Amino acid sequence: MKKFLAAGCVSFVFLIACSKKEPANLEQTQAVQPHYDTTAIDSFSSGATTVDIVRQIRMSSQKYQDSLKEAIKVEQEEKRMEAELEKENKKKQEDEKKQKIKDNKDVSSPVTQ
């Protein structure tokens, strides 16, 4: 009986081990395709640039353009604010001059009682 039971267990293990199973790696197309990091230019020719560097150049140039636009906006805002301050200062100076002239006229006129 023991031999029959042992033979049954061994045959059961063989059946499980030898049964058809799907392979663990179904994505063979990804493994087969090599991942090149260069553009379609020969890597030894002049002008061959890696894809990562091209992307960084494009991003940095876009950032550079954005920063230039931002700098121009800030400069224009500063100029506008300076112009407004100048106008206010001129207006204050004119008001002060008018006030001084008015005060001088009041002081220089004789007081009659």
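Residues numbered from 1 in each chain as written. Predicted model: local features only at pLDDT ≥ 70, side-chain atom pairs only at ≥ 80, totals over all residues. Heavy atoms only, no water.

**Thoughts on the overall build of the chain**
As a reminder, the rule being used: In this description a helix means any DSSP run of H or I spanning at least four residues, a strand means any run of E spanning at least two, and both kinds are numbered starting from the N terminus. Think of it in three bands: with a 1.4 Å probe and only protein chains considered, a residue is buried below 20% of the maximum accessible area for its type, exposed above 50%, and partly exposed in between. Note on areas: Shrake-Rupley with a 1.4 Å probe; residue coverage comes only from the protein chains shown.
Scanning the chain for helices and strands turns up 3 helices and 0 strands. A total of 113 residues make up the chain; the buried ones form 0% of that total. Element-wise, carbon and sulfur atoms account for 59% of the exposed surface of the chain, whose accessible area totals about 11,500 Å².

**Some remarks on the pattern of salt bridges**
Rules: Whenever a carboxyl oxygen of Asp or Glu lies within 4 Å of a side-chain nitrogen of Lys or Arg, that contact is scored as a salt bridge.
Taken as a whole and judged by the stated rule, the model has 3 salt bridges. Between Glu75 and Lys79 there is a salt bridge, with the nearest N and O atoms lying 3.7 Å from each other. Separated by 4 residues within a single helix, Glu75 and Lys79 lie in helix H3 (residues 51-108), roughly one turn from each other. Measuring nitrogen to oxygen at the nearest pair gives 2.2 Å for the salt bridge that ties Arg80 to Glu77. Of this pair, Arg80 and Glu77 both sit in helix H3, separated by 3 residues, roughly a single helical turn. Residue classification places Glu77 among the partly exposed residues on the basis of a relative accessible area of 34%.

**Overview of the confidence of the model for the chain**
Let me state the cut-off plainly: Confidence of the prediction at every residue is given by pLDDT, a number between 0 and 100.
Per-chain confidence: the chain averages 76 in pLDDT, with 65% of residues scoring 70 or above. Of all the helices and strands in the chain, helix H2 (residues 28-32) carries the lowest mean pLDDT, 54, while H3 carries the highest, 87.

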